[in-house]
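Each chain, letter by letter, is given below.
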There are 2 protein chains.
Amino acid sequence: MAKRVYLFNEGSRDDRELLGGKGANLCEMTSLGLPVPYGFVVTTSTCREYFQAGNVMPANLVAEYNVAMNLVENRMDSRFGDPENPLLFSVRSGAPVSMPGMMDTILNLGMNDEIAEGLAKKTNNPRFAYDSYRRFIQMYANVVMGVDGEHFGALLDEYKAAHGKKTDTEMTATDWQAIIISYKSLVTFPQDPHEQLKGAIEAVFRSWNTPRAIFYREMHNIPENMGTAVCVQAMVFGNFGETSGSGVAFTRNPSTGEAAFFGEFLANAAGEDVVAGVRTPEPISALEERMPEVYSELYQTQKLLESHYRDMQDLEFTVQDGKFYMLQTRHGKRTGRASIKIAVDMVREGLIDEKDALLRVAPEHVESFLHPMVDPTQKKNIVATGLPASPGGATGHVVFSADEAVDVAASGKPAILVRRETTPEDIHGMKVAEGILTELGGMTSHAAVVARGMGVCAITGCGSLTLNYKEGVVTTDDGHQIQRMDLITLDGSTGEVMLGDIPKTEASSSDDFMTLLTWADKYRRLKVRANAETPEDASKAREMGAEGIGLCRTEHMFFQEDRIDFMRGMILASGRKEKQHFLDQLFHFQKEDILALFEVMQGFPVNIRLLDPPLHEFLPHDRAEIEGLAARLKKSPAEIHESLQHLSEVNPMLGFRGCRLSIVHPEITEMQVKAITSAAIDAKLAGMKPLPEIMIPLVINVREIRYITKIIETAALEIIQDRGVSVPYKVGTMMETPRACLGADRLASSVEFMSFGTNDLTQMTYGFSRDDVAKFIPEYLEKKIVETDPFVSLDQRSVSRLIKTAIEDSSAAVKGIKYGVCGEHGGDPVSVRIFHDLGLDYVSCSPYRVPVAKIAAAQASVSS
Amino acid sequence: MAKRVYLFNEGSRDDRELLGGKGANLCEMTSLGLPVPYGFVVTTSTCREYFQAGNVMPANLVAEYNVAMNLVENRMDSRFGDPENPLLFSVRSGAPVSMPGMMDTILNLGMNDEIAEGLAKKTNNPRFAYDSYRRFIQMYANVVMGVDGEHFGALLDEYKAAHGKKTDTEMTATDWQAIIISYKSLVTFPQDPHEQLKGAIEAVFRSWNTPRAIFYREMHNIPENMGTAVCVQAMVFGNFGETSGSGVAFTRNPSTGEAAFFGEFLANAAGEDVVAGVRTPEPISALEERMPEVYSELYQTQKLLESHYRDMQDLEFTVQDGKFYMLQTRHGKRTGRASIKIAVDMVREGLIDEKDALLRVAPEHVESFLHPMVDPTQKKNIVATGLPASPGGATGHVVFSADEAVDVAASGKPAILVRRETTPEDIHGMKVAEGILTELGGMTSHAAVVARGMGVCAITGCGSLTLNYKEGVVTTDDGHQIQRMDLITLDGSTGEVMLGDIPKTEASSSDDFMTLLTWADKYRRLKVRANAETPEDASKAREMGAEGIGLCRTEHMFFQEDRIDFMRGMILASGRKEKQHFLDQLFHFQKEDILALFEVMQGFPVNIRLLDPPLHEFLPHDRAEIEGLAARLKKSPAEIHESLQHLSEVNPMLGFRGCRLSIVHPEITEMQVKAITSAAIDAKLAGMKPLPEIMIPLVINVREIRYITKIIETAALEIIQDRGVSVPYKVGTMMETPRACLGADRLASSVEFMSFGTNDLTQMTYGFSRDDVAKFIPEYLEKKIVETDPFVSLDQRSVSRLIKTAIEDSSAAVKGIKYGVCGEHGGDPVSVRIFHDLGLDYVSCSPYRVPVAKIAAAQASVSS
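What counts and how
- Residues numbered from 1 in each chain as written.
- Chains lettered and ligands numbered in written order.
- Predicted model: local features only at pLDDT ≥ 70, side-chain atom pairs only at ≥ 80, totals over all residues.
- Heavy atoms only, no water.
- Helix = DSSP H or I, 4+ residues; strand = E, 2+ residues; numbered from the N terminus.
- Buried < 20%, exposed > 50% of the residue type's maximum accessible area, 1.4 Å probe, protein only.
- Contact = heavy atoms within 4.5 Å.
- Areas by Shrake-Rupley, 256 points an atom, 1.4 Å probe, with all protein chains shown as cover.
- Lys, Arg positive; Asp, Glu negative; His and termini not counted.
- Charge placed at Lys NZ, Arg CZ, Asp CG, Glu CD.
- Pairing = 2+ DSSP bridges.
- Phe/Tyr/Trp six-rings, centres within 6.5 Å; stacked < 30°, edge-to-face > 60°.
- Lys NZ or Arg CZ within 6 Å of the ring centre and 35° of its normal.
- Least-squares fit on C-alpha atoms with pLDDT ≥ 70 in both.
- Buried area = accessible area lost by both parts, 1.4 Å probe.
- Salt bridge = Lys/Arg side-chain N within 4 Å of Asp/Glu carboxyl O.
- Disulfide = S-S within 2.5 Å.
- Axes fitted to C-alpha atoms, helices over the stretch in contact; angles between N-to-C directions.
- Parallel < 35°, antiparallel > 145°, perpendicular 65-115°, else oblique.
- Nonpolar A, V, L, I, M, F, W, Y, C, P; charged D, E, K, R; others polar.
- Expected span 1.5 Å × (residues − 1).
- Arc of directions from axis to C-beta.

Caption draft 1: Spotlight on the overall build of chain A. Looking only at helices and strands, one finds 35 helices and 33 strands in chain A. Counting only C-alpha atoms, chain A reaches 105 × 60 × 55 Å along its principal axes. Expressed as a percentage of the 864 residues in chain A, the buried residues total 60%. Put simply, of all contacts in chain A between residues at least 6 apart along the chain, 68% involve residues at least 24 apart. Total accessible area on chain A is roughly 33,000 Å²; 49% of this is exposed by carbon and sulfur atoms. Across chain A, 89 positive and 117 negative side-chain charges occur, with their mean positions spaced 4 Å apart.

Below, the structure is given as structure tokens:
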């Protein structure tokens, strides 16, 4: 029979699988010679035995851990179950992989009526003893016996009300004794400490199978049969008097990253009190003054731990009667800025290498260098929560239309644009707004995509809002009314909508940040491009380090005010000649726009997607606008209405768009290709190196590609022959429909590149409209039907399977195809990892996410 | 070296692969001892040699076929290239698989100036000789040399205009000689007959690679490297005088199927003339009178051929100078009714067995027994063509709303309902209309699905129509105006819209039809269920032989006038209590409706789908209706407007529908399950055998199924315990999203059945909205981007691959799951074959398509 129980000096951090993460760590500290309260670990394999036997404890287990306990008693110089000199335990679960949803800690295990009395005597602190006891009862009843904690809370509230007590601190030893009596009338728990321990160990085992834990394992592909270990550790107390106390400390400053020891100490207090914030702790320097020797021991310990673990550590310690104990060490949480500073500093200090440094940073941490962030320490009046669609924080005055936003911005005030949803017609308002808030739409809705592209903070799908444009008021589900021009703050990183102006941290780059990006460039395999249409976006993309444009949505160029009427005229044209007139105008704009992109992107590829949206998106819908347009185009409003009716669609996302437009209206494609070719020739003649890639969207089969490629080749050749200058260009396809992925072997022979449009692919694979998903996705997340919004992180079960199939089938058919991604997932770190593993050549994302993607790509490289 | 040239007596019908279909057939007839004009076949492997050599003829080929030609000359007693006694050839392509798009026939090959003159002399018919020659020039120039036939047409028209000739028959020998001169000025073709033959053979080879032929092979998975054979056959002439002639005949009547020899004969005429209809042929009995011996030979031949080929034959023959020649025999085309009569008769006659008989019938032929059909022999004034959405023919007066249809029908007149699209609110009008015509919508749009379910003729997606409801007029693209109450005829089997009343054949069953269905039931493996909601539909389904209900769309039950307001009240309810009030009412209706289905479907399973459409579909959109509803519900119109706004969606097909409703509104599911359980208990108590199956729609993952199954189980248990009667029910899922199919292994453990909803699966796999696809699918079909509408026949590359993956993955995980299909593809013969091959357990389709599906299923069984 394998050994089931390990003392803390019998294991090390390499034993995670057997002893769990927590157990292995306690062993590691013990073997480093640190003063850890002694204890033992029941192994994960014992847990598996327990399940295999049908939830029955192995016969010898109690005997085995009793041997270990004896050694703990000796070392701690006290006895489990001895009222004179009681040894108490904390009992915790500890799986090999950190896993929320499992058992909470039980403290003070081993108490009963007699021992509480003994402890009161021994410590000469009855209040402490009975408070500890009642806490134990509540924890044990709740965690082991499954009694709802609310019942205990209710009894306590009742007692307080009857005795005029307001806070726990007003409760005396006698009060707690009364509470213990009432608690005991509610629940019968074992008085025998050995029974308690056995019950607690079983409860930890069983907590492996709570629905929440099962769900978590399912989502993270953690094997079901791994099991959890149980850590049983002697209690020490920081509330034994003035030479006792508890504290927490960080080996470096977790907010700034500064390499200076940092912490807090609370004299005569238990660890829980420091966390609960009952009293205000003193800075760690107070310990230096009170107990210089203890401080020195702590200081040496933190030095040792940081260099041992080669990362900033978050420590918990307790001083009992002048004796220093280490309770826990773990990698410390830190702000984005701190994480980068610490990682770069540690490389300089020779503690870690560049690859380690890259893995130490959460790619999202980069955001604090690029956007102002809502200060997490501020008090916030949160009135609604939506989807965190575009990161950063913003404060401004509420406006309800793009035009209003322009007016408010022009008057020098910040505006927050609040809409049910946004459309391309709102772009001018979105550009000047500090932040955007919409009732509808998911993480890849128009508002979300455009805001991310502009680096503007946005919250979408905030379904608890009811907008009344006419009266200029937003009502939240719980009745708050926000009037036009009220000041609100958005946190686009969390989705929180707050009243008033909440302070924000400034965005600013740093040398450390730039250093880290240099390292990322050094190690990553995936190229990172940006999605951009305007010269400004393209410049921002270059500034952020983009290696080309992965998606230029040509339609965005037509929505600008000086050209939208030409587009509309083309759509509404009644004859070939009228149509050609407008196409000629559009050609001119398109060519200039693309030339500008070539200028910015010198030597980097520019991927230009052919017109994608359904044509009705370009037409006005509003009566006044229709009449205005009719007058300008010299048509009757009735004609425009008829066209609108003819073009309208029930499900535009699955409608007459993408390459379907090129098949039915080849003249538009022809114009676009001529504009691209002309721009490339102009660029070449001006000494630049244009690298256009022409992308055919929404393909379902190879015949579409062949048909359109013929149009492209003919149009390009015409311009090339006309001007007598040749330019290279590539033709490829956007992989957006499941059918394209499932038939990629057929497409392979007709494309030079395939760029996965993961937004549409996710829409179609899930049957989730990006515009409507906010209606149910919050409930899906809450009810744990899905763990993450599939528009945020690529689904690994279906969408990535389609991409994998497409790459395998097409590369088996034809070698040398370039594979990219241009959906919003291209900037999501989790997805970037998947794309790396799938063997893609590049990802493309919003300019502001380029650094995020680069770091994620580097992490994928160095860790795979 | 393999033999490259086969004489007609050297092969048989088993040599299709080497000699092509046409060649093998000519050999077969020759070896039967029939008087076939002699000739030879150049093999398909020679064609492959030609391609392998880079389109170069094998060195010895000419020598080889010259040997064969010599034998042909001997047998035909004439010489190729001899002006005195010329042998002429027809040259045709003949691939192993019948394939449109390849080379047409060249007749009279071997003519030149000198031979034309010789022929004129020999036949004493210069007009015949020069007409034959000019035809040959045109065919050769067009087919071999690629000169557009239009140029010749233009020259001929010019000549006729200049000389006052109106028809070809007015042209004299001299005229044709003039034409020959002008043709020769246009094109220089080889005068040497041997050169001609070589050129023709090469042209046949090359025609294997025309774009149309490549496209066809691609669509039908015909190997690219198969190649084509070339048939070179001596010409015989039926226009040599009164003892000559040509005819076509059928071994049985192709219209009625009657077992009587049937045909037409044209004395002193070439085969082309019979086909071209220049003169009216006489019935075949005329031949008996004129040339009793020839007739007797023909009669014996047809007897022989029918019993040899064991199928009704379509013959072409020529009599030259009293000598009978067989030119071709092939399986004869026949009407649906004839095909069934012939098949059943032939089994009775012992010619074929039951399995053969099943394979002889096109499943679509069944339609003529179920619906009146537009008589194909009538003259039709076709003004528009849409999608053939529901078969049959109908004539009626044009109306533009459901209410109008009801009025017209009430007055005893037939109505054709013309709408842009239909919605559930139009059902009452659709029920009374003779036919339905819509501007929008594809083959699975609301109009199409409902019409097929009712067996009403319908045409959808007729995009060339412009409707003006207000003025009550439809305008076609070419300017026809159809006014309200005008009489039009629809052919739902072809999609043609015609002016006036076109006569139709009556629908009526027959003993033969019933016999065939009995055989189908005997041999098929796939079960066939029907999609039905009402007792009437269910009864029709049973009458058609359905073995259960495969899809009951519960929402249809809520659209009826007496219950829609309860549904609306439930949706608009402002509190839990109000909502429950309406749910209680709906429970009552739902229960009665389902009980009625159990009554009809005794002992057969009834698959009931939980509520599927987005809730906004139930609300009125019209101002007057909203106000009416507001009054009835005692709410303000503003409230209803607000709800409408809140519920509205951009892409409802990908929105808040299907099981998403059950997750967010469990109370609706609860009500539905209680109604199903109560109905089942009532049915059981009444001595019936209810077999309910509860189907969860639009699933994306197993957690949805688990969550909803818990709701189902709880609700069912409540009713079962309450009433103290237990009833069985199954729970399963509709497989409609690509994600469900790609994650089927996970779903497997939580379902008892999976029913593939191929409409939605096709929508999402293609990104084709069924409501909008008519905007571009006609152009896709015309430009050969797709060969068939994927909503009609299941796509074998993607959708069936998803189904295959789902079945493989789920059955590997869990045994015993039942697999079905309930999309519209369930009634499509081509798709049924795929479903059989995929190993499904059943298909479900509209009641009227049940017999079609049964025959298709039987065909799949007996041929696999």
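Caption draft 2: Main features of the pairing of strand β8 (residues 245-250) of chain A. Residue and element names in this part refer to chain A. For β8, a buried count of 5 out of 6 residues is recorded, marking the element as mostly surrounded by other parts of the structure. Both β8 and strand β9 (residues 262-267) contribute to a ladder of 6 bridges, which runs antiparallel. By the bridge assignment, Gly 247 is partnered in β9 with Phe 265. Relative to strand β11 (residues 313-320), β8 runs antiparallel, the two sharing 6 bridges. Bridging across to β11, Ala 249 finds its partner in Leu 315.

Caption draft 3: Structural context of the packing of aromatic side chains. Scanning the model with the defined rule gives 52 aromatic pairs over all chains in all. An angle of 80 degrees between the planes, with centres 5.2 Å apart, marks the rings of Phe 128 of chain B and Phe 237 of chain B as edge-to-face. Of this pair, Phe 128 of chain B sits in helix α5 (residues 126-143) while Phe 237 of chain B sits in the loop between β7 (229-234) and β8 (245-250); the two residues are 109 residues apart in sequence, bridging distant segments of the chain. Here Phe 128 of chain B matches Phe 237 of chain B in class, with each residue buried. Three or more aromatic residues link up through ring pairs in this structure, and these residues are Phe 656 of chain A together with Tyr 766, Phe 768, Phe 776 and Tyr 780 of chain B. A cation over a ring is seen here: Arg 337 of chain B above Phe 369 of chain B, with NZ or CZ 4.4 Å from the ring centre. Sitting over the ring of Tyr 842 of chain B, Arg 529 of chain B keeps its end group 3.9 Å from the ring centre.

Caption draft 4: Examining the side chain of Ser 810 of chain A more closely. Residues and elements named next belong to chain A. Position of Ser 810 relative to the elements: it lies in helix α33 (residues 799-813). Look at Ser 810 and you get buried, because its relative accessible area is 0%. The contact partners of Ser 810, leaving out residues within four places of it in the chain, are Ala 744, Asp 745, Ala 748, Met 754, Ile 817 and Tyr 819.

Caption draft 5: Quick look at the relation of the copies chain B and chain A. Rotating chain B by 179 degrees about the axis while translating it 0.0 Å along that axis superimposes it on chain A, leaving an RMSD of 0.2 Å. Accordingly, the operation relating the two chain copies is best matched by a two-fold axis. Closest approach to the rotation axis within chain B is made by the C-alpha atom of Asn 651 of chain B, at a distance of 2.1 Å. Most of the interface of chain B is mirrored in chain A, where 100% of its interface residues again form contacts.

Caption draft 6: Molecular detail of the interface of chain B and chain A. Of the residues lining the interface, 63 residues belong to chain B; the matching set on chain A comes to 64 residues. Both faces combined, the contact of chain B with chain A buries some 5,800 Å², and carbon together with sulfur accounts for 54% of it. Of all residues in chain B, Leu 654, Arg 703 and Arg 739 of chain B bury the most surface against chain A, accounting for 12% of the area lost on that side. Linking chain B with chain A are 4 salt bridges, by the criterion used here.

Caption draft 7: Focus on the environment of Ile 502 of chain A. All names here are of chain A. By secondary structure assignment, the location of Ile 502 is in the loop between β24 (496-499) and β25 (504-505). Residue classification places Ile 502 among the buried residues on the basis of a relative accessible area of 6%. Sequence separation between Ile 502 and Glu 824 is 322 residues; the distance between their C-alpha atoms is 29 Å. In this structure Ile 502 touches Val 374, Gln 378, Lys 379, Lys 380, Thr 395 and Thr 489, once residues within four positions along its chain are discounted.

Caption draft 8: The arrangement of the state of the cysteines in detail. Applying the stated criterion across every chain, the model contains 0 disulfides over all chains. Here Cys 457 of chain A is not cross-linked by a disulfide; its sulfur's nearest cysteine counterpart is in Cys 462 of chain A, at 12 Å. Among the residues examined, Cys 457 of chain A registers a relative accessible area of 3% and is labelled buried. Distance from the sulfur of Cys 659 of chain B, which forms no disulfide, to the nearest cysteine sulfur (Cys 741 of chain B) is 14 Å.

Caption draft 9: Up close: the sheet that holds strand β21 (residues 473-476) of chain A. All names here are of chain A. Within the open sheet, the 3 strands sit side by side as β20-β21-β22. Their pairing is antiparallel. Only two strands of the sheet have a single partner each, and these edge strands are β20 (465-468) and β22 (481-483). In this sheet, adjacent strand axes meet at a mean angle of 20 degrees when their direction is disregarded. In this structure, β20 lies alongside β21, joined through 4 bridges in antiparallel fashion. Paired with Thr 466 across the strands is Thr 475, a residue of β21.

Caption draft 10: The packing of helix α22 (residues 561-572) of chain B against helix α24 (residues 623-633) of chain B, seen in detail. Residues and elements named next belong to chain B. Across the interface, α22 lies against α24 with an axial gap of 11 Å and an inter-helix angle of 80 degrees. Taken together, the axes of α22 and α24 are roughly perpendicular relative to one another. Seen from α22, the contacting residues are Asp 565, Arg 568, Gly 569 and Leu 572; seen from α24, they are Glu 625, Leu 629, Arg 632 and Leu 633. Partitioning the contact of α22 with α24 into residue classes produces 3 nonpolar, 1 polar and 4 charged.

Caption draft 11: Geometry of the pattern of salt bridges. All names here are of chain A. Within this structure, the stated rule accounts for 117 salt bridges over all chains. One salt bridge in this structure joins Arg 524 and Asp 521, with 2.8 Å as the shortest N-O distance. Taking the relative accessible area as the measure of exposure, Arg 524 reaches 12% and is therefore buried. Taking relative accessible area as the criterion, Asp 521 reaches 36% and is therefore assigned partly exposed.

Caption draft 12: Spatial organisation of helix α12 (residues 292-309) of chain A. Residues and elements named next belong to chain A. In a regular helix each residue adds 1.5 Å, so 18 residues correspond to 26 Å; α12 covers 25 Å between its end C-alpha atoms and thus fits that length. If you check which residues of α12 are buried, you get Val 294, Tyr 295, Leu 298, Thr 301, Gln 302, Leu 305, Glu 306 and Tyr 309. Take α12 and look down its axis: the buried residues cluster within an arc of 125 degrees, on one side only. Buried residues along α12 sit in contact with α1 (16-31), α11 (285-290), β11, β12 (323-331) and α13 (336-348). Arg 310 occupies a position one or two residues after α12 and carries a positive phi of about 55 degrees.

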